[in-house]
Amino acid sequence: MELRSVEELMDLLYAGRHQHALRTAALLRRSRPADKELQVAGLVHGIGPVLGPADEAGRARSTAEAVRPLLGERVFRLVRGDGAPADDDLLRLRQAAEEGRTAGFDAGVLEDWRTVLELLAARHSRLGA
């Protein structure tokens, strides 16, 4: 499945464990406020169970492939988990995802992220990505 619109992505986010996704993205926003692609990777990385495969590696791969046409190569790479073991962005994403499981704070609502998703999707569309 390839996502072609922010609306499709929002539907998947609502269908999944979006509270964890919101906390992960919020933690990344706090640590790297200018890095929207990293934040969005934190937001979307958990939609795999909604897409299908039961094994963790399959979920990361299917999620990454689904968001690639919409959100670009960097988000694809982060969600898939590609990179060197010492890749700072991957480490931050993994740490935020882990902390987001137990963090007890109000991370807002999914609609707070719609504009960021639309801007990122529009940027990748203009670049022909």
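Owing to the predicted nature of the structure, the values given are computational and were not obtained by experimental measurement.

## Overview of helix α1 (residues 6-15)
Along α1, the positions that sit buried rather than exposed are V6, L9, M10, L12 and L13. Angularly, the buried residues of α1 cover 160° about the axis, an arc narrow enough to put them on a single face.

## Regarding the packing of helix α2 (residues 18-31) against helix α3 (residues 36-44)
Across the interface, α2 lies against α3 with an axial gap of 7 Å and an inter-helix angle of 165°. As far as their axial angle goes, α3 and α2 are roughly antiparallel. Every pair of crossing elements has a handedness; the one defined by α2 and α3 is right-handed. For the pair α2 and α3, the contacting residues are A21, L22, T24, A25, L28 and R29 in the first and L38, Q39, G42 and L43 in the second. Looking at the contact of α2 with α3, its residues break down into six nonpolar, three polar and one charged.

## Some details on the side chain of T24
The topology assignment puts T24 in helix α2. Look at T24 and you get buried, because its relative accessible area is 0%. Among all residues touching T24, those that are not within four sequence positions of it are G42, H45, L93, A96, A97 and G100.

## Description of the nonpolar core
For soluble globular proteins, nonpolar side chains are generally found buried alongside one another. L9, L43, V44, L71 and L117 are the most contacted members of the largest nonpolar core, which totals 37 residues. Looking at which element gives the most residues to this core, the answer is α2, with six residues. With residues near it in sequence (within four places) discarded, V44 still touches L9, L13, T63, V67, L71, V75 and V79.

## Here's the deal with the pattern of salt bridges
Under the criterion given, the structure shown has 15 salt bridges. Residue D35 is joined to R32 by a salt bridge in which the shortest nitrogen-to-oxygen separation is 3.2 Å. R32 gets classed as partly exposed once you look at its relative accessible area, which sits at 22%. Measuring nitrogen to oxygen at the nearest pair gives 2.7 Å for the salt bridge that ties R74 to D35. A residue pair is termed long-range when its members are at least 10 positions apart, and R74 in helix α6 (residues 73-80) and D35 in the loop between α2 and α3 qualify at 39 residues. Residues joined by salt bridges that share partners form a network here, namely R32, D35, E37, R74, D88, D89, R92 and R123.

## Digging into the packing of aromatic side chains
Any two aromatic rings considered together are summarised by their centre-to-centre distance and by the angle between their planes. Inspection of every chain in the model, using the stated rule, returns zero aromatic pairs. Of note, R30 hangs over the ring of F105, and the distance from its end group to the ring centre comes to 4.4 Å. Across from the ring centre of F76, 3.7 Å away, lies the NZ or CZ of R68, which sits over that ring.

## Considerations on the confidence of the model for the chain
Mean pLDDT over the chain works out to 87, with 90% of the residues at or above the 70 mark. Per-element confidence in the chain is highest for α3, whose mean pLDDT is 96, and lowest for helix α4 (residues 48-51), whose mean pLDDT is 78.

The rules behind these values
Residues numbered from 1 in each chain as written. Predicted model: local features only at pLDDT ≥ 70, side-chain atom pairs only at ≥ 80, totals over all residues. Heavy atoms only, no water. Buried < 20%, exposed > 50% of the residue type's maximum accessible area, 1.4 Å probe, protein only. Helix = DSSP H or I, 4+ residues; strand = E, 2+ residues; numbered from the N terminus. Arc of directions from axis to C-beta. Axes fitted to C-alpha atoms, helices over the stretch in contact; angles between N-to-C directions. Parallel < 35°, antiparallel > 145°, perpendicular 65-115°, else oblique. Left-handed = near helix turned anticlockwise from the far one by under 90°. Contact = heavy atoms within 4.5 Å. Nonpolar A, V, L, I, M, F, W, Y, C, P; charged D, E, K, R; others polar. Core = buried A, V, L, I, M, F, W, Y, C linked by side-chain atoms within 4.5 Å. Salt bridge = Lys/Arg side-chain N within 4 Å of Asp/Glu carboxyl O. Phe/Tyr/Trp six-rings, centres within 6.5 Å; stacked < 30°, edge-to-face > 60°. Lys NZ or Arg CZ within 6 Å of the ring centre and 35° of its normal. pLDDT = per-residue confidence, 0-100.

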